Amino acid sequence: MAADIASDIKDLFPARPRLLALGEPTHGEDTLLALRNDLFRQLVEEEGYRTIAIESDCLMGMAVDDYVTSGTGTLDEAMEHGFSHAWGEFGGNRELVRWMRAHNVRAEADGRPESEWLRFAGFDGPLEITHAASPRRALMALHDYVAPRVDADLLPCTADTLDTLLGTDDAWTDPAAMMDPSSSVGRSPEAARLRMLAEDLVALLDQQLPHLLATTSREDWNRARLYGRTATGLLRYHHSMADTSPARMTRLVAVRDQMMAQNLLALAERGPTLVHAHNGHLQRSRSSMRMWEGRVEWWGAGALVSAQLGEEYAFLATAIGTLRGQGVDVPPPDTVEGLLYALPEDRWVMDARRLATTIADTSLAPRVSPWFGYAPLDPAGLGGSDGIVFVRDV
């Protein structure tokens, strides 16, 4: 059945998308992770995809990439240190990393060039719902790359200056700051200075590009860019955490998805990539969420990337019929999921825009989930996706 889904997905697009985004309505379900893994294998073997990016910390993900490309560390270490949000505990993610490493070992033994090896990436920022990481790791790594390679007079500061301004990491990661802006250090004089210095260091990456590529590899330069995006994004996020205006939460979720989008655009430069994350991050329509401060709406990563890449970005929303382990039973017939559940197949792919046209004169209601961890499809947003992958029972 997975092979049929891969074939049906390819039939949706006249040309291979540079970023093929597969959304999920809930995290961590083995059935959905196995579907993703099977699709990625097919895309690798038949369509020339070489990278998979998932909704996990972009800096931590480098440990997984190092493992699958060069065997650095062990599989256990990659799973423990290479994923955020506890994603490393999921069997589907472990199987993905194991298979990618085995694929690259065979590729190397066959003498295939590194450009044909598989790559792994996290594309989320170093963020959790309770706090944001200190910008220390990203900022110091950026400085460590730039400092020995450019004239000292061009550097905006020394590493010691950064260390002093950063202070203790505990001050940045204080969980109280998520609910109490006054607990955040994001608008301190030191944080303001760090934002300017980070921007200056990032600028040097572009200003010195010919020299940097002549003295280091493009891979090292790309990693420095990742450190730069992460440092500036985190400092912007902490700045918003200290905001006391009604727009505070909107700014926070928007900054997070902006960081995601920037990472995805950088991965698109590498070549065809399968992206896996929550539907809400990948859809073209505006994302929304009800939080403790009320409803917030923002443009998610998929909307931002689609605006830049056009047809080179494709989005498949995954919908499910039942998730009985979480109390999600047979969907009502007047919902999108109920309409799909009435069809005979267990899993298949449908053209989302064609479905939207078909049900345009039908009064479908949004499905209401009894469990907070599952987000049903919004009938009004079907036109914002290219296809729907439907899984009858999870």
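Residues numbered from 1 in each chain as written. Predicted model: local features only at pLDDT ≥ 70, side-chain atom pairs only at ≥ 80, totals over all residues. Heavy atoms only, no water.

- Where an unreviewed UniProt entry is consulted, the protein appears under the name Erythromycin esterase family protein, with the organism given as Streptomyces lanatus.

## Some remarks on the packing of helix 3 (residues 61–70) against helix 5 (residues 91–109)
Then step 1. In contact at an axis separation of 7 Å, helix 3 and helix 5 are set at 35 degrees when each is read in the N-to-C sense. Of helix 5, the residues touching helix 3 (which contributes V64, Y67, V68, T69 and S70) are V97, M100, R101 and N104.
Then step 2. Tallied by class, the residues present in the contact of helix 3 with helix 5 amount to five nonpolar, three polar and one charged. (Axes fitted to C-alpha atoms, helices over the stretch in contact; angles between N-to-C directions. Helix = DSSP H or I, 4+ residues; strand = E, 2+ residues; numbered from the N terminus. Contact = heavy atoms within 4.5 Å. Nonpolar A, V, L, I, M, F, W, Y, C, P; charged D, E, K, R; others polar.)

## So, the nonpolar core
Then step 1. Membership of the largest hydrophobic core comes to 40 residues, with the highest contact counts inside it found for I9, L20, F40, M100 and F120.
Then step 2. For this core, the element with the most residues is helix 2 (residues 30–47), which contributes six residues.
Then step 3. Ignoring any residue separated from it by four or fewer positions in sequence, one finds F120 in contact with I52, I54, G61, V64, D65, V68, F83, L96 and M100.
Then step 4. Membership of the second largest hydrophobic core comes to 33 residues, among which are A53, L282, I359 and L382. (Core = buried A, V, L, I, M, F, W, Y, C linked by side-chain atoms within 4.5 Å. Buried < 20%, exposed > 50% of the residue type's maximum accessible area, 1.4 Å probe, protein only.)

## Overview of the packing of helix 6 (residues 136–146) against helix 7 (residues 159–166)
Packed helices, taken two at a time, are described by the angle their axes make and the gap between the axes.
Then step 1. Where helix 6 meets helix 7, the axes come as close as 10 Å, and the angle between the chain directions of the two elements is 170 degrees. The angle between helix 6 and helix 7 falls in the class roughly antiparallel. For the pair helix 6 and helix 7, contact is made by R136, L139, M140 and H143 and by A159, L162, D163 and L166, respectively.
Then step 2. Its residues placed into classes, the contact of helix 6 with helix 7 shows five nonpolar, one polar and two charged. (Parallel < 35°, antiparallel > 145°, perpendicular 65-115°, else oblique.)

## Comments concerning the sheet that holds strand 1 (residues 19–24)
Then step 1. Read across the sheet, seven strands follow the order 3-2-4-1-7-9-8 without closing on themselves; strand pairing throughout is mixed. A strand with exactly one partner marks an edge of an open sheet, and here the two such strands are strand 3 (119–124) and strand 8 (347–351). The mean angle between the axes of side-by-side strands here comes to 25 degrees, regardless of whether they run parallel or antiparallel.
Then step 2. Examined bridge by bridge, strand 1 and strand 7 (residues 313–322) share four bridges and lie parallel to one another. Its bridge partner being in strand 7, L22 is matched across the sheet by L316.
Then step 3. Lying on the sheet, helix 2 is in contact with strand 1, strand 2 (51–57), strand 4 (273–278), strand 7, strand 8 and strand 9 (387–393); it crosses strand 4 at an angle near 170 degrees. (Pairing = 2+ DSSP bridges.)

## Some points on the pattern of salt bridges
Then step 1. The tally for this structure, following the rule as stated, stands at 27 salt bridges.
Then step 2. Its salt-bridge partner being D65, residue R119 comes within 2.7 Å of it at the nearest N-O pair. Here R119 is found in strand 3, whereas its partner D65 is found in helix 3, with 54 residues between them in sequence. Summarising the burial analysis for this pair, R119 and D65 share the class buried.
Then step 3. When salt bridges with common partners are traced through the structure, they connect D65, D66, R119, E219 and R223 into a single cluster. (Salt bridge = Lys/Arg side-chain N within 4 Å of Asp/Glu carboxyl O.)

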